[in-house]
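So you can see what is in the structure, the chains are spelled out below.
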Amino acid sequence: MRPVNLQKHHGFAVALLLSAAACTPESPPPTPSDTAASAATATASASAAAPSASVTAAPTTSAASTAPTERPGPEVIATSAGDLTITPIYHGTVMLQHGGKTIIVDPWSKATNVRLPKADLLLITDIHEDHFDKAAIERVKKDSTVIVAPAVVAKELPGAKVLKNGDRTTIEGFAIEAIPMYNKVRGPETGKLYHDKGRGNGYVVTFGDKRVYLSGDTECTDEMKALKNIDVAFVCMNLPYTMPPAEAAECIRAFKPKVVYPYHYKDSNLTDLTKAMEGETAVEIRLRNWY
């Protein structure tokens, strides 16, 4: 596979201090203290002004401990249409900034430690409260914000653009594809699943020549395994609601994204992921502390 220029951003001093609390829709964490200012708002302009060193994607290595120690911060990837700035926020919340536009995925009120900027585009994956949070959406939306969501969410959000599994659209110049996300076997009781097929969306968003995949809440599905040409992937892993790290590794090995950020991982042992990925030199695993 051709290498991708990955740029670690050193141009800003942003410290997004995230709590160590674990969270699930059914048992949310204690609210972390609101200590951060609006550093994330300056990300887009700072990334355009500050030089970054270009490095080639590194091979996967085993983690030395079960928990990632590096705090999240803006990280820059070069694309054919300009830099893409990625900021891990909290749990399943991600901020992507490109070409002066801000995309926020699944804003959640539990991320009280950072004041997010207003979004040009919101991507909502599912109906559960850690993905669909009306209060958090109101805080980051403006009159012109476009909201993309599955039908089950759009019923509660007048004006949201509905994407069904497999649908494609282009918004604000970004090509967006809705990817099925669902449980195959796990559920609260026999005959019920935590996430039914067809209800929620993962997303693939294209930035110039780079494709970014956001899994949403899912197990390792055939649709994930069939993904092609993914440069950056955000892959969930927490039991009992999605899948364990070893199962996530099965899918990652199948579709081989160049860079993987484990997210929505609660208290999963991420060493299980890095061990399962040993020897897979085409994939770089980036462990970040989302909590």
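Residues numbered from 1 in each chain as written. Predicted model: local features only at pLDDT ≥ 70, side-chain atom pairs only at ≥ 80, totals over all residues. Heavy atoms only, no water.

**Q** Explain the pattern of salt bridges to me, using residue names and the numbers behind them.
**A** Within this structure, the stated rule accounts for 17 salt bridges. Between Arg 288 and Glu 75 there is a salt bridge, with its nearest N and O atoms 2.6 Å apart. With Arg 288 in the segment after strand 16 (284-285) and Glu 75 in strand 3 (residues 75-79), the pair connects residues that are 213 residues apart, well separated along the chain. Glu 75 matches Arg 288 in its accessibility class, with the two residues each being buried. Between Arg 199 and Asp 126 there is a salt bridge, with the nearest N and O atoms lying 2.7 Å from each other. Here Asp 126 lies in the loop between strand 7 (121-123) and helix 2 (134-140) and Arg 199 lies in the loop between strand 11 (174-181) and strand 12 (200-207), a separation of 73 residues in the sequence. One exposure class covers both Arg 199 and Asp 126, and it is buried. Overlapping salt bridges, with partners in common, bring together Glu 75, Glu 284, Arg 286 and Arg 288 in one network. (Salt bridge = Lys/Arg side-chain N within 4 Å of Asp/Glu carboxyl O. Helix = DSSP H or I, 4+ residues; strand = E, 2+ residues; numbered from the N terminus. Buried < 20%, exposed > 50% of the residue type's maximum accessible area, 1.4 Å probe, protein only.)

**Q** Give a detailed account of the pairing of strand 3, specifying residues and quantitative values.
**A** Taking burial as the measure, the five residues of strand 3 include five buried ones, the bulk of the element. Alternating residues of strand 3 divide into Glu 75, Ile 77 and Thr 79 and Val 76 and Ala 78, and every residue in both groups is buried. Across five bridges, strand 3 lies against strand 4 (residues 82-90) in antiparallel orientation. Paired with Ile 77 across the strands is Leu 84, a residue of strand 4. Remark: two residues form the turn of the hairpin made by strand 3 and strand 4, two consecutive strands paired antiparallel. (Pairing = 2+ DSSP bridges.)

**Q** Any chance you could break down the sheet that holds strand 14 (residues 232-236) for me, citing the residues and the numbers?
**A** Taken together, seven strands build an open sheet; the order of strands is 10-11-12-13-14-15-16 and the sheet is mixed. In the strand order of this sheet, the two ends are held by strand 10 (168-171) and strand 16, each with one partner. The sheet contact formed by strand 13 (residues 210-214) and strand 14 spans three bridges and is parallel. Directly across from Val 212, in strand 14, lies its bridge partner Val 232.

**Q** An account of helix 5 (residues 245-255) is needed here, citing residue identities and associated values.
**A** Residues of helix 5 that are buried: Pro 245, Glu 247, Ala 248, Ala 249, Cys 251, Ile 252 and Phe 255. Tucked into the core, helix 5 has its buried residues touching strand 13, helix 4 (222-225), strand 14, strand 15 (259-263) and helix 6 (271-276). (Contact = heavy atoms within 4.5 Å.)

**Q** Residues and numbers for the state of the cysteines, please.
**A** Each disulfide is one covalent bond, formed between the sulfur atoms of two cysteines. Inspection of the entire model under this criterion finds one disulfide. The structure places no disulfide on Cys 236, whose sulfur is separated from the nearest cysteine sulfur, that of Cys 251, by 9.6 Å. (Disulfide = S-S within 2.5 Å.)

**Q** Describe unusual backbone geometry, naming the residues involved and giving the relevant values.
**A** Glycine aside, a negative phi is what most residues show, and trans is what most peptide bonds show. Omega for the bond connecting Leu 239 with Pro 240 falls within 30 degrees of zero, at 5 degrees, which places this linkage in the cis form. Within the secondary structure layout, Pro 240 lies in the loop between strand 14 and helix 5. Not every positive phi belongs to a glycine, and Asp 106 is a case in point at roughly 50 degrees. One can find Asp 106 in the loop between strand 6 (101-105) and strand 7. For Asp 106, a relative accessible area of 1% corresponds to the buried category.

**Q** Could you give an account of the environment of Leu 84, with specific residues and numbers?
**A** Note on placement: Leu 84 falls in strand 4. Taking the relative accessible area as the measure of exposure, Leu 84 reaches 0% and is therefore buried. Considered as a pair, Leu 84 and Pro 74 are ten residues apart in the sequence and their alpha carbons are 9.7 Å apart. With sequence-adjacent residues up to four places away left out, Leu 84 is seen in contact with Glu 75, Val 76, Ile 77, Thr 79, Leu 96, Gln 97, His 98, Phe 207 and Val 212.

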